[in-house]
Amino acid sequence: MKITEIEVGIKKEVELTTTRNMVNMFAEVSGDFSPIHMDEEYAKETRFGHCLVHGMYIGAVISRIIGMELPGKGTIYISQNLQFKRPIFIGDTVTVGVEVIEKNDERNRVRLRTYCINAQNEVLVEGEAWVMPPK
């Protein structure tokens, strides 16, 4: 999607249910085998009580939305910040989204609100990204 086709307020969302397989594959790719993600016995002794999905897995889903849907193929990431507000557990169904909150036609830049919410509409992850859509 080119900058001329982008409007403030448009958004794209992906709903997914997290699985042990997703966590295992992300650990393989990232090298993050922390026991909070991988070892249920260890996780039971933490304040969370269960294994957590990697926060950056949600970052990767945000990247997928940006690179494939909004703005889409050919988009260049400039920056991203994320705040991890609540844990995401294996088996949770979440909605990951991207919303246009600002655009600068002259510089070919778009600012996006990025987020992940659960079925109770609680914010789990939030942040902002700056991207450059394809010309």
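Conventions we followed
- Residues numbered from 1 in each chain as written.
- Predicted model: local features only at pLDDT ≥ 70, side-chain atom pairs only at ≥ 80, totals over all residues.
- Heavy atoms only, no water.
- Helix = DSSP H or I, 4+ residues; strand = E, 2+ residues; numbered from the N terminus.
- Buried < 20%, exposed > 50% of the residue type's maximum accessible area, 1.4 Å probe, protein only.
- Polar contact = N/O pair within 3.5 Å; in protein donor to acceptor, adjacent residues only side chain to side chain.
- Contact = heavy atoms within 4.5 Å.
- Pairing = 2+ DSSP bridges.
- Axes fitted to C-alpha atoms, helices over the stretch in contact; angles between N-to-C directions.
- Phe/Tyr/Trp six-rings, centres within 6.5 Å; stacked < 30°, edge-to-face > 60°.
- Arc of directions from axis to C-beta.
- Salt bridge = Lys/Arg side-chain N within 4 Å of Asp/Glu carboxyl O.

A. Structural context of unusual backbone geometry. That bond from L70 to P71 is cis: its omega, 0 degrees, falls within 30 degrees of zero. Residue N108 is not a glycine yet carries a positive backbone phi of 55 degrees. Positionally, N108 belongs in the loop between β3 (93-104) and β4 (109-118). According to the relative accessible area criterion, N108 is buried, its value standing at 6%.

B. Representation of the side chain of H54 in the model. Among the secondary structure elements, H54 is positioned in the loop between α3 (40-44) and α4 (55-68). From its side chain, H54 meets the backbone oxygen of D32 in a polar contact 2.9 Å long. Those residues in contact with H54, other than ones at most four positions away along the chain, are V23, F26, A27, D32 and H37.

C. Main features of the sheet that holds strand β5 (residues 123-132). Ordered by their spatial adjacency, five strands build an open sheet running β1-β3-β4-β5-β2, and the pairing between neighbours is antiparallel. What marks the edges here is a single partner per strand, and that holds for β1 (11-17) and β2 (76-84). Strand-to-strand twist in this sheet, taken as the mean axis angle between neighbours without regard to direction, amounts to 15 degrees. With 10 bridges connecting them, β3 and β4 associate as antiparallel partners. Counted as the bridge partner of N104 is R109 from β4.

D. Summary view of the packing of aromatic side chains. Taken as a whole and assessed by the stated rule, the structure comprises one aromatic pair. Where F26 meets Y57, the ring centres are 5.9 Å apart and the plane angle is 90 degrees; that geometry is what we call edge-to-face. One end of the pair, F26, is in helix α1 (residues 20-30); the other, Y57, is in helix α4, and 31 residues separate them in sequence. For F26, a relative accessible area of 17% gives the class buried.

E. Focus on the environment of K85. Tracing the chain through its elements places K85 in the loop between β2 and β3. Taking the relative accessible area as the measure of exposure, K85 reaches 44% and is therefore partly exposed. The spatial distance from the C-alpha of K85 to the C-alpha of T46 is 17 Å, given a sequence separation of 39 residues. Leaving out residues up to four positions away in the same chain, K85 has contacts with V123, L124 and E126. For K85, the side chain forms a polar contact with the side chain of Q83, separated by 3.1 Å.

F. Representation of α1 in the model. Buried within α1 are the following residues: V23, F26 and A27. Taken around the axis of α1, the buried residues stretch over an arc of 105 degrees, which confines them to a single face. Facing away from the buried side of α1 by over 90 degrees, the exposed positions are E28 and V29. Along its buried surface, α1 packs onto α2 (35-38) and α4. Of the residues trailing α1, G31 is marked for its positive phi of about 85 degrees.

G. The arrangement of the pattern of salt bridges in detail. Summed over all chains, the structure comprises seven salt bridges. In this structure, the salt-bridge partner of K44 is E41, at a minimum N-O distance of 3.1 Å. With K44 and E41 both in helix α3 and three residues apart, this pair spans about one turn of that helix. Exposure remark for K44: the relative accessible area of 46% places this residue in the partly exposed category. Among the residues examined, E41 registers a relative accessible area of 54% and is labelled exposed. One salt bridge in this structure joins E126 and K85, with 3.3 Å as the shortest N-O distance. Of this pair, E126 sits in strand β5 while K85 is found in the loop between β2 and β3, placing the two residues 41 residues apart along the sequence. Salt bridges linked by common partners bring E102, R111 and E128 together as one network.

Remember, this is a structural readout, not a statement about activity or role.
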